[in-house]
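# An overview of the molecular structure
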Amino acid sequence: MVRDEIKALLKQIYPEEIIIIDYVPPDKKGDYSTNLAMRIAGKKSISPLRIAEEISQKINSPIISETIIYPPGFINFVLNHTYVKEKFKTIEKCNIGKGLRVNVEFVSVNPTGPINIVNGRAAAFGDALVRLLNYAGYDADAEYYINDCGRQIDLLAESIKQRMNQLLGKEFSIPEDGYHGEYLIPLAKKFLEAKITEAEVVKEQAVNYFLQQHQEMLENFRVKFKNWIRESEVRNKGYVDRVMKIFREKGLTFEQDGALYLKTTAFNDTRDRVIITGDGRYTYLLPDIAYHLYKIERNYQFLITILGPDHLGQVGSLYAGLKGLDYSENILKIIIVQEVKLKKDGRYISMSKRAGTFITLEDLLNEIPIDVCRFFFLMRSSSQHLDFDLDLAKNVSEENPVYYVQYAYARIMSIIRFAQEKGISMIDDVDLNLLNEKEEMILMKYILRFEETIEDAVKNFEPFMITYYLIGLARIFHHFYQKHRVVGDNEELTRARLFLIKRTAQTLKTGMELLGCSCPEKM
RNA sequence: GCGCCUGUAGCUCAACAGGAUAGAGCAACGGAUUUCUAAUCCGUAGGUUGGGUGUUCGAUUCACCCCAGGCGCGCCA
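These figures come from a predicted structure and were not determined experimentally.

Applying the stated criterion to the full structure yields 31 salt bridges. With a shortest N-O distance of 3.9 Å, Arg101 and Asp141 are connected by a salt bridge. One end of the pair, Arg101, is in strand β5 (residues 101-105); the other, Asp141, is in strand β6 (residues 139-146), with 40 residues separating them in the sequence. A salt bridge links Glu329 to Lys323, with the nearest nitrogen and oxygen atoms 3.6 Å apart. A relative accessible area of 18% places Lys323 in the buried class. In the salt-bridge network here, residues are joined through shared partners; they are Arg101, Asp139, Asp141 and Lys226.

Structure (structure tokens):
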């Protein structure tokens, strides 16, 4: 990649220094720049401009045609056009993953109700992250965890039972911390018809019912999971007991008020946590820690766990638990995907699952196309609270950037069709030296940045960087299109430009695929 | 009360390990099409980056203190 080559160039001259390469703002001359001179100047208290002068004289490389010094000490590099064209002809892929096995767990909605919008955001985010990691050379698997044990499942079964009573015209009362949503009524009806009443069977069937619903929903949303892991599986394989034993032997547990605590404060948690309740059942924590151990023992070298904002309290204790098992906290990255505030008719809609007032992912997808939905979700950093304006998303055909990107692709496809109708053969062996217009150079150089953007997005765990890149690429293409005609009288030039826009289209499409968005051939 | 996230143009958001005159889209106003898709392009206007102090050659970015909003702080998950 271009950026790496420039970095290597400077590293050769200054092996001790950390080299930072940035892009040059559009109004300045140059393509890449470094602040190296200012960094050195800061240490030695010499004028940065003088050091910049010194550095720029030491640089002698065929890839750079000019270096320019800007006050207070930036050194900008102008890429050699011949070099850009050579690079452009071959596709160079970012491979920072080197086959590292990564487990990305996300969504993991409890099988007690529908998938809501925050889960939907996490789904789009996690899925894009997995695609991104695999593109960048990692061996990443998407994993979904099914909490099919524990108290919430008991509450679910009880809530369904009460709904069955209701349907039978009997008295009923749903437990206060049970599930009050009306979505349980059709399920209760189903059970009545099938004459299912036994609690264990209700539990099992209800879990399967929601699980299947989630699987279908996620598939519709183009989110793929490789692994579906049940909590019961983790328990049955003895992981929970094993972790328990380790913690006991290491003296990390203590009893208090009849409950068993884990000393997570020994590993920087804010307080110690209950792992076994007074009535002898596990809280979520121990199975969760055991589950993470189970991931590691399935030979994953790095774990990414994506959680919703309501699970913030778990972060510290989960890291603490892994440290308690003598794993470095570097093996796990917990990403909190922040909440989605849904706006309709200018007002925010509040969502509560227990109360049964929430908008599901399904509701959302009934209103807006998947492409728009995914792009919208992925346009923000995961740490940002997301404002989702339904009215805007619905009538956005003109103001939604996803169409802007898709339109650029469709436009290119149209040109290619036009060229084919004219009988112009598409070949890859073109003479790029014919491309010397400013807009052509900008386009080529921007496309070369794609792999660098991938690298940045992966390192930051932030697919949103891709969305901005794609909007930028679409813009640059539209500019080019406005100024220059692709299919013209000069056949050689036409071929060269066709090659250029074909690469543009490929890049757009690859990027959109990473986000799970489509690129229609026509619009 | 403690912890986490957030505060940038009228609105939604960028600014890539502290960098250059803080950028886009939408909304507003004015323009561009005899030729490959006008879902496009060009231009105008819009800012004390919530407020303050500090560190620095340089702060939207880092530290501290306020102000405002959201979320989390359970023997629920």
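Having seen it, we continue.
Summarising burial for strand β4 (residues 74-79): 5 of the 6 residues are buried, a large majority. Here strand β3 (residues 64-70) pairs with β4 via 6 bridges, running antiparallel. Residue Glu66 lies in a different strand from β4, and its bridge partner there is Val78. Where β3 hands over to β4, the hairpin turn is made up of 3 residues, of which Gly73 adopts a positive phi near 160 degrees.

Below, the discussion takes up the packing of aromatic side chains. For the structure shown, the criterion picks out 20 aromatic pairs. Taken together, a centroid distance of 6.0 Å and an interplanar angle of 80 degrees make the contact between Phe88 and Phe499 edge-to-face. With a gap of 411 residues between them, Phe88 in helix α4 (residues 81-89) and Phe499 in helix α20 (residues 491-515) connect regions that are remote in the sequence. Assessed through its relative accessible area of 0%, Phe88 is described here as buried. Considering the side-chain rings of Tyr239 and Tyr294, the 4.8 Å spacing of their centres and the 50 degrees angle between planes classify their relative orientation as tilted. Here Tyr239, found in helix α10 (residues 239-249), pairs with Tyr294, found in helix α11 (residues 285-297); they are 55 residues apart in sequence, far enough to count as distant. The same class applies to Tyr239 and to Tyr294, which are both buried. The structure contains a cluster of three or more aromatic residues connected by ring pairs, namely Phe106, Tyr144, Phe225 and Trp228. Above the face of the Tyr135 ring, Lys93 is positioned so that its terminal group lies 4.1 Å from the ring centre. In this structure, Arg101 is placed above the aromatic ring of Tyr300, and the distance from its NZ or CZ to the ring centre is 4.3 Å.

For Gln338, the location among the structural elements is in the loop between β12 (332-336) and β13 (340-344). At 3.4 Å, the side chain of Gln338 and the side chain of His385 are in polar contact. What Gln338 contacts, discounting residues up to four positions off in sequence, is Val118, Arg121, Pro309, Ser382, Ser383, Gln384 and His385.

Another point: the protein's contact with RNA strand B. Inspection of the region around RNA strand B gives 66 residues, with Phe74, Asp257, Gly278, Tyr407 and Ser414 positioned closest. Put simply, 63% of the atoms of RNA strand B that lie within 4 Å of the protein are in sugar or phosphate. Tyr284 is positioned such that a nitrogen or oxygen atom in its backbone is 2.7 Å from a phosphate oxygen of RNA strand B. One nitrogen or oxygen atom from the side chain of His479 is found 2.8 Å from a phosphate oxygen belonging to RNA strand B. Contributing elements (two or more residues each) for the surface near RNA strand B: β4, α6 (151-167), α12 (312-324), α16 (401-421) and α19 (464-483). At 9 residues, α16 tops the list of elements feeding residues into the surface near RNA strand B. Taken together, the residues that form the surface near RNA strand B break down as 26 nonpolar, 23 polar and 17 charged.

Bringing the domain arrangement of chain A into the picture now. Its domain assignment divides chain A into domain 1 (2-79) and domain 2 (401-514). Here domain 1 and domain 2 have C-alpha centroids that lie 29 Å from each other. Contacts between the two partners involve 7 residues from domain 1 and, on the opposite side, 6 residues from domain 2. On the domain 1 side of the interface with domain 2, the three residues burying the most area are Arg3, Tyr23 and Asp31, jointly 63% of the side's total. The interface formed by domain 1 and domain 2 includes 2 salt bridges. Note that Arg3 and Asp456 form a salt bridge whose closest N and O atoms lie 3.1 Å from each other. The biggest single contributor to the side of domain 1 that touches domain 2 is helix α1 (residues 2-13), with 3 residues.

Turning to its location among the elements, Asn366 is positioned in helix α13 (residues 361-367). Separated by 48 residues in sequence, Asn366 and Leu318 have C-alpha atoms that sit 36 Å apart.

Core analysis: the largest hydrophobic core is formed by 129 residues, its most contacted members being Ile55, Ile304, Ile306, Phe377, Phe388 and Ile454. Among the elements that line this core, the one with the most residues is helix α5 (residues 117-135), at 12 residues. Ignoring any residue separated from it by four or fewer positions in sequence, one finds Phe388 in contact with Val340, Lys341, Leu342, Lys343, Leu364, Ile368, Phe376, Phe377 and Ala393.

Turning to the sheet that holds β12, a few remarks are in order. Spatial strand order, β7-β6-β5-β11-β12: 5 strands in an open sheet with parallel pairing. Each of the sheet's edge strands pairs with one partner strand only, and the pair in question is β7 (227-230) and β12. The average undirected angle you get between the axes of adjacent strands in this sheet is 25 degrees. Bridge count between strand β11 (residues 302-307) and β12: 5 bridges; the pairing is parallel. Looking at the pairing, Ile304 lines up with Lys333 of β12.

Pairing is antiparallel across the open sheet formed by 3 strands, whose spatial order is β8-β9-β10. The open sheet terminates on both sides in strands that have one partner only, identified here as β8 (253-256) and β10 (273-276). Neighbouring strand axes in the sheet, compared pairwise and without regard to direction, differ in orientation by 45 degrees on average. Pairing between β8 and strand β9 (residues 259-262): 4 bridges, direction antiparallel.

Thresholds applied
- Residues numbered from 1 in each chain as written.
- Chains lettered and ligands numbered in written order.
- Predicted model: local features only at pLDDT ≥ 70, side-chain atom pairs only at ≥ 80, totals over all residues.
- Heavy atoms only, no water.
- Salt bridge = Lys/Arg side-chain N within 4 Å of Asp/Glu carboxyl O.
- Helix = DSSP H or I, 4+ residues; strand = E, 2+ residues; numbered from the N terminus.
- Buried < 20%, exposed > 50% of the residue type's maximum accessible area, 1.4 Å probe, protein only.
- Pairing = 2+ DSSP bridges.
- Phe/Tyr/Trp six-rings, centres within 6.5 Å; stacked < 30°, edge-to-face > 60°.
- Lys NZ or Arg CZ within 6 Å of the ring centre and 35° of its normal.
- Polar contact = N/O pair within 3.5 Å; in protein donor to acceptor, adjacent residues only side chain to side chain.
- Contact = heavy atoms within 4.5 Å.
- Near = heavy atom within 4 Å.
- Nonpolar A, V, L, I, M, F, W, Y, C, P; charged D, E, K, R; others polar.
- Domains from an automatic or database assignment.
- Buried area = accessible area lost by both parts, 1.4 Å probe.
- Core = buried A, V, L, I, M, F, W, Y, C linked by side-chain atoms within 4.5 Å.
- Axes fitted to C-alpha atoms, helices over the stretch in contact; angles between N-to-C directions.

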